[in-house]
Amino acid sequence: LYLWRGMDVYRNVATECMRESVGFTHACQQCWIEDMLCSIQSCVNTCVKSFYIIGEPKNREDGSLGICLECDEKICGPDFLSCSGANRRRQGIQSDIGRNDDKEICQTVDMDWIGESQN
């Protein structure tokens with residue numbers, strides 16, 4: 001019960017912060033907030049272990065994701081992509097997730113997905 005109350009507080013704080021600072025539409029803002037909440041609910045223990053217990057970097061030397069980012073990408077990523085229609089990689093935005101830019105960062109964006117997501 002305590003965790004859920006904390007999540008409500010987090011949702012309210014995040015909503016206010018994003019409303020004041022980011023300027024997303026309401027729908028886009030909710031998509032990001034749900035992704036953040038998913039990460040907290042689903043990956044917090046994995047991330048604490050990764051960063052604070054074993055001291056793992058976000059990305060391993062071989063380029064693979066550390067267990068925290070892997071958790072987020074596998075568990076929360078699909079819903080975020082469905083909700084938003086795009087992720088940072090698709091938009092060419094750098095993030096904490098190490099990527100091979102030549103192979104994974106889109107050089108062009110296929111705009112057809114906008115119409116397809118509304119059908």
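What you are looking at is a predicted structure, and each value in this text was computed from that prediction instead of being measured. (Residues numbered from 1 in each chain as written. Predicted model: local features only at pLDDT ≥ 70, side-chain atom pairs only at ≥ 80, totals over all residues. Heavy atoms only, no water.)

Q: I tried to follow the pattern of salt bridges on my own but got confused; where do I start?
A: Opposite charge on two side chains permits pairing when their charged atoms draw close. A full pass over the atoms with the stated rule returns 5 salt bridges. Residues Glu-16 and Arg-19 are paired through a salt bridge, measuring 2.5 Å at the closest nitrogen-oxygen approach. Remark: Arg-19 and Glu-16 occur in helix α1 (residues 2–21); sequence separation between them is 3 residues, near one turn of the helix. Arg-19 gets classed as exposed once you look at its relative accessible area, which sits at 52%. Residue Glu-70 is joined to Lys-74 by a salt bridge in which the shortest nitrogen-to-oxygen separation is 3.1 Å. Of this pair, Glu-70 and Lys-74 both sit in helix α3 (residues 67–84), 4 residues apart, which is roughly one turn of that helix. By relative accessible area, which is 59% here, Lys-74 ends up exposed. Here the residues in one salt-bridge network are Glu-16, Arg-19 and Glu-20, joined through shared partners. (Salt bridge = Lys/Arg side-chain N within 4 Å of Asp/Glu carboxyl O. Helix = DSSP H or I, 4+ residues; strand = E, 2+ residues; numbered from the N terminus. Buried < 20%, exposed > 50% of the residue type's maximum accessible area, 1.4 Å probe, protein only.)

Q: Just to check I follow, could you spell out the nonpolar core for this structure?
A: Inside soluble globular proteins, nonpolar side chains tend to come together where they are buried. With 5 residues, the main nonpolar core is built from Met-7, Ala-14, Met-18, Ile-33 and Leu-37. Sort the elements by how many residues they give to this core and α1 lands first, with 3 residues. Discounting chain neighbours no more than four positions away, the residues touching Leu-37 are Met-7, Tyr-10 and Arg-11. (Core = buried A, V, L, I, M, F, W, Y, C linked by side-chain atoms within 4.5 Å. Contact = heavy atoms within 4.5 Å.)

Q: Help me understand helix α2 (residues 26–53) in this model?
A: Think of an α-helix as 3.6 residues a turn; residues three or four steps apart then line up on the same face. Cys-43 marks where α2 bends most, by close to 70 degrees. Following α2 by one or two positions, Gly-55 adopts a phi angle in the positive range, close to 65 degrees. (Bend = angle between axes of the 7 residues up to and from the residue.)

Q: Looking at this structure, I do not really get α3. What am I missing?
A: With 18 residues, α3 ought to run about 26 Å at 1.5 Å a step, and its terminal C-alpha atoms sit 24 Å apart, in line with that. A maximum bend of about 55 degrees is found in α3 at Cys-76, where proline Pro-78 lies one to four positions downstream. Restricting attention to buried positions, one finds in α3 the residues Cys-68, Leu-69, Cys-71, Asp-72, Cys-76 and Phe-80. Check the buried side of α3 and you find it contacts α2. Phi turns positive one or two residues past the end of α3, at Gly-85, with a value near 85 degrees. (Expected span 1.5 Å × (residues − 1).)

Q: Help me understand the state of the cysteines, please; the structure alone is not making it clear to me.
A: Here a disulfide denotes a covalent bond joining the sulfur atom of one cysteine to the sulfur atom of another. Scanning the model with the defined rule gives 4 disulfides in all. The partner cysteine of Cys-31 in its disulfide is Cys-83, sulfur to sulfur 2.3 Å. Pair noted here: Cys-31 is in helix α2 and Cys-83 is in helix α3, with a separation of 52 residues, a long-range link. The side chain of Cys-43 participates in a disulfide bridge whose partner is Cys-71; the two sulfur atoms lie 2.1 Å from each other. Looking along the S-S bond of the Cys-43-Cys-71 disulfide, the torsion reads about -90 degrees, which is the left-handed sense. A residue pair is termed long-range when its members are at least 10 positions apart, and Cys-43 in helix α2 and Cys-71 in helix α3 qualify at 28 residues. Once the disulfide-bonded cysteines of the protein are ranked by sequence position, their pairing pattern turns out to be 1-8, 2-7, 3-6, 4-5. (Disulfide = S-S within 2.5 Å.)

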